[in-house]
Amino acid sequence: MINLNRYFLFATSSAVALATMPVAAMAQDSAPDTAEIGVQEQEDPATNQIIVSGIRRSLESAQSVKQDSDQIIDSVVAEDIGKLPDVTASESLARIPGVTVTRDAGVAQGVRIRGLPDLATTYNGREVFTAEGRFVQLQDFPSNSIARIDVYKSASADLLEAGLAGLVDVKSRKPFDFKGTRVTGYLGGVHWYQSQRLGIEANGLASTRWKTGIGEMGFLIEGSYADTKYIDSSRAVAQDIRNRTNITGYPQLRYPNFVNTDYASATRWRPNVDAAFQWRPSSTLEIYLDGLYQGYRGRGDGHNLQVVSGDAATLTNITLIPGTNQAASFDAAAGTGAAPTGAQQINDQSTDTYQAGGGFIWKSGRLKLTGDVAYTESTFINRNVAFNYTLTSSPARHFEFDTSEGVGGGTVNLINYDLYNLGNYRWTGLTQSGNRGHGQSWQGRLDLDYKLDNFILTNLQAGLRFSNRDADSYSYAQSTYAAPAGQTYSVLASMLNIQPAAGGFRNDSAASIRTWLSPTRESLIANLDTLRSMTTLTVNGVTTTLAKGDPTWGSPVYTSNEKLYTGYVQARYAFEIAGVPFDGLIGVRATQADVAINGLRRSTTGTGATAVTTVTPISTSSSNSDFLPNVSMRIKLDPKLQMRIAYTETRTRPGFGQLNPTITIGALPTGNTCADPNGADCIRSASSGNPDLKPTTSKNYDASVEYYFSRSGALTVGGFYKDVNGFINTFTTDVADAEFGRLRMSQPQNGGAGRIKGIEAGVRSFLRAPWLPDWMSNFGGMVNYTYLDAKSVLAPSLAATLPGLQRIAGTSKHTINTSAWYENKVLSLRLSYNWRSDFIDSYGQVADPALGNPAPLGPTLPITVDARGTMDFAATLQPTDNITLSFNVNNLAGGAYRNYRTFNAAGQAYAWQTRFLESVYRAGIRFRF
């Protein structure tokens, strides 16, 4: 990890150097037309060949979008047909000030804008979503099909309702973007370092346009395919911290209940197809049709081995964390229930999202009228089977709860025990769970833009929008059905292919368990019905066997409908004072959302033997009306220097799942039949939504200064403040249930008031200045810095033990993105580094045995994630005008990251999880004709 002080010094000195370079070149550069920045193809008129835009053209286009926009916006523009600056859309967004991503499962995902995940996503200006969710995951967009991505940090009335975080609009290629017929494609190989597996990525685009007797027409079709074959390796200590008071010499000893070695691994692939038709019957009218298919398939085979320290284990060689009663390390022997356990997962996932629509653009004199209608449907299915196993004995074990080796974290080793002996493992049972989400919507909009011949008002804009959205969700969760006695791996080897489980932890120098024996995914699938028929579950004297085949979905967990009616009026103004131009927008958006949710309500009356639990249907409805104003101003102090100020209001409606009134009850704890529903260990996890949730509201203030010293060089500084209310938190509490005893219930709740304030600063440029040698003009760099102070009052159930303003989960106080590049007509090189300071992953109440038995939920405490950075490298070589060779590495340094869980009110903590993420290597060839 780079020293933070050194890094700030580097960032500051780089910014100063870049900002002072092209002083003499300022007046001779002019920004390109921004009507279709990043979309229209550029050609050399002398040769009729495509100009390879590369890094320079991408920066110029993105800068023009930002400079001339009416909103506060940042953009990422393709460097060439089928080539974003990074290999995925979400990784490219990570280069934008104020945007952070989470890297998991071999990809960048979890996009946050100014620390918040509540963003809206649109595809060519239309709402797009996955299943019953509110937005689509941006990593599902193949980067090869994207022309441009716009990140709107301030809203305007004519945009789709932005989320609390903002709005991300993905723009695809269209046939009229090209001068004639174009055929492009890419074929590449991928290597994942942790899993040591290979995959492929490919895409192709064909576009043409032609003149007919009824006008000009164009058609484009594009398809892509991408593999992901990852292993994310992690070592985690239990969040459940034991409390021993019976060990000689230690009046009280605290230590985690186990160390878990886990491999989250899967093979995933994403097929995508989009097509577009454009028809221009006259110079005033354009009609278009387009369609999109996004697919996702996942075949997971994650596995883990959990080694228990034990409540009653004999502990020796104990060392303490200095100044505490927390064990740093010890050897453990015997102990009730101390045999290590694990599971081999069979996880199958699929997503199919379709969108089809069409519209028109009509211009006549000063009037521009546009209309669009679209249908979207998306289905997500997730099925999981866990093959549970245990070691046949309780070996002696050595624990280091935060080792000094490598990057630290918990480690465990078994002493004098053979993990490759088939006789040392026994199958214990099967657990099955699944969920299915589905959503569909019709949406339509009509927009008017009329140019005025007025001294101040230049344009009058108005529009209407309507959407009708349905969503439903299904799930099942079956308890662990026990295997017959004596089913050791030696017995099962005639049916199952049992091998050392695939390991990871490359770059991890800590000594710990890395691999063990487990059945392969393929052999489990081939024999799954046989295994099902062997399992049984006995509850209150009734014995059942798992049925063959996948469980049926049954009745829906919930169904919902949302109708959204929107109208807006907005004016664009422009005037001058003392020769200084002013322009901006004033508008208001009126929205009414009618939402209906149908589910099941579960309630318990009475206590003890007289308690009765009833389940009854419940239907809830709500209607929310909002008037959302926006006011913005741009002051052009100089052709290259401008200021912006903006005030907007946003509302973010809860997701359908968050409103769901039905309680979903999890499986029984592994190995526990819960014959006594009130037993100490009979605690089932449960979850539900909250139909009483209200929208999260925000009043947003933005200001910025932007200095554009060249077509590809700018220095920008901005400040923002969000006055937020009702931020949604998920809390967990214990509730009584006559049928199941105790339920540990997780449910969302509106929090109180909060605020988000910060500063964004960035500088980027090629090294162009008259006092520099010509060869240096091919070098360039970028530095972005974001400071974020984001706090809110937690939901009442969490705030009861953690009152006042608390850091908003997922927000880092400091974020730095930097890139250095070299580019000429043949070669392009780029090295990028992203760094973010520590942040809160989540808040929750922790079950603490020191407070009683069974362990009740204690105070609200955070999980904290250490600061971390990621380095990426990209290179392209263009030997001819039509061929480009590329090479990319993501997570070049292969860094790990650590989480910490505070486990009691005194603030004691353990390093909870240490994760080693994939480094991904790509090499490919791109062609265009």
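An unreviewed UniProt entry annotates the chain as TonB-dependent receptor originating from Sphingomonas kyeonggiensis. The UniProt entry for the chain carries the following text under Subcellular location (unreviewed entry): "Cell outer membrane". Under Sequence similarities (unreviewed entry), UniProt gives the following word-for-word description of the chain: "Belongs to the TonB-dependent receptor family."

**Re a nonpolar patch on the surface**
A contiguous nonpolar surface patch, about 880 Å² in accessible area, is contributed by Leu448, Tyr450, Leu452, Phe455, Ile456, Leu457, Leu460, Val569, Val588 and Phe627. Elements that contribute at least two residues to the nonpolar patch include exactly β24 (425–451) and β25 (457–482). Relative to the helices and strands, tyrosine 450 resides in strand β24. Judged by its relative accessible area of 34%, tyrosine 450 falls in the partly exposed class.

**What to know about the nonpolar core**
Ranked by size, the top nonpolar core spans 49 residues in total, and within it Leu315, Phe330, Phe387, Phe401, Leu419 and Trp516 carry the most contacts. Considering each element in turn, this core owes the most residues, four residues, to strand β21 (residues 367–391). The contact partners of phenylalanine 330, leaving out residues within four places of it in the chain, are Tyr255, Ser309, Leu315, Thr316, Asn317, Ile318, Arg397, His398, Phe399 and Phe401. In terms of nonpolar packing, the next biggest core, distinct from the first, is built from 32 residues, Leu93, Val99, Val136 and Val151 among them.

**Section: the pairing of strand β18 (residues 314–320)**
Summarising the sheet, β18 and strand β19 (residues 327–333) pair through five bridges and their orientation is antiparallel. Bridging across to β19, threonine 319 finds its partner in serine 329. What sits between the antiparallel neighbours β18 and β19 is a turn of six residues, in which glycine 323 has the positive phi angle 80 degrees.

**Comments concerning the sheet that holds strand β6 (residues 119–123)**
Reading across from one edge, β3-β8-β9-β6-β7 is the order of the five strands in this open sheet, with mixed pairing throughout. Of all strands in the sheet, those with a lone pairing partner are β3 (73–77) and β7 (126–127), marking the two edges. Direction of pairing for β6 relative to β7: antiparallel, over a ladder of two bridges. Its bridge partner lying in β7, threonine 122 is registered against glutamate 127. Each of β3 and β8 (146–152) is contacted by helix α2 (residues 54–68), which is oriented at about 155 degrees to β3, the strand it contacts most.

**Notes on α2**
The end-to-end C-alpha distance of α2 is 22 Å, a good match for the 21 Å that 15 residues give at a rise of 1.5 Å each. Across the 15 residues of α2, 13 count as buried, placing the element largely inside the fold.

**As for the environment of glycine 657**
Tracing the backbone through its elements, the reader meets glycine 657 in helix α7 (residues 656–659). With relative accessibility at 39%, the residue glycine 657 sits in the partly exposed group. With 31 residues separating them in the primary sequence, glycine 657 and serine 688 have C-alpha atoms 8.1 Å apart. Residues contacting glycine 657, with those up to four places away along its chain left out, are Tyr558 and Gly689.

**Let's talk about the packing of aromatic side chains**
What the rule picks out here adds up to 28 aromatic pairs. Centroid distance tyrosine 701 to tyrosine 721: 6.3 Å. Interplanar angle 55 degrees. Geometry classified as tilted. Of this pair, tyrosine 701 sits in strand β36 (residues 696–710) while tyrosine 721 sits in strand β37 (residues 713–725), and the two are 20 residues apart along the sequence. The exposure class assigned to tyrosine 701 is partly exposed, which follows from its relative accessible area of 41%.

Basis of the calculations
Residue indices follow the written sequence of each chain, beginning from 1 at its first position. For this predicted model, a pLDDT threshold of at least 70 governs which residues receive local features, and a threshold of 80 or more governs which side-chain atom pairs are given and counted, while totals over whole chains, interfaces and linings are taken from all residues. Hydrogens are left out, water is left out, and the side-chain values use all remaining heavy atoms of the structure. UniProt positions are given in the numbering used here, feature names are shortened, and annotations may be inferred rather than shown by experiment. Only residues whose relative accessible area exceeds 30% and that form no salt bridge enter a patch; like-charged residues are grouped when within 9 Å of one another, and nonpolar side chains (Val, Leu, Ile, Met, Phe, Trp, Tyr) when within 5 Å. All accessible areas in this document rest on Shrake-Rupley with a 1.4 Å probe, and a residue is counted as covered only by the protein chains that are shown. Just to be clear on terms, a salt bridge is a Lys or Arg side-chain nitrogen sitting within 4 Å of an Asp or Glu carboxyl oxygen. Numbering of helices and strands starts at the N terminus; helices are DSSP runs of H or I of at least 4 residues and strands are runs of E of at least 2. Any residue under 20% of the maximum accessible area for its type is buried, any over 50% is exposed, and the rest in between are partly exposed; the area is computed with a 1.4 Å probe on protein chains only. Note on terminology: a nonpolar core comprises buried Ala, Val, Leu, Ile, Met, Phe, Trp, Tyr and Cys residues joined through side-chain atoms within 4.5 Å. Pairs of residues are marked as contacts when any of their non-hydrogen atoms sit within 4.5 Å. We call two strands paired when DSSP finds no fewer than two bridges between them. Where helices are involved, their axes are fitted lines through C-alpha atoms of the stretch in contact, as for all axes, and angles between N-to-C directions lie from 0 to 180°. One fewer than the residue count of a helix, multiplied by 1.5 Å, yields its expected span. Centre distance within 6.5 Å is the pairing criterion for rings of Phe, Tyr and Trp, where only the six-membered ring of Trp is used; planes under 30 degrees apart are then read as stacked, over 60 as edge-to-face, and the remainder as tilted.

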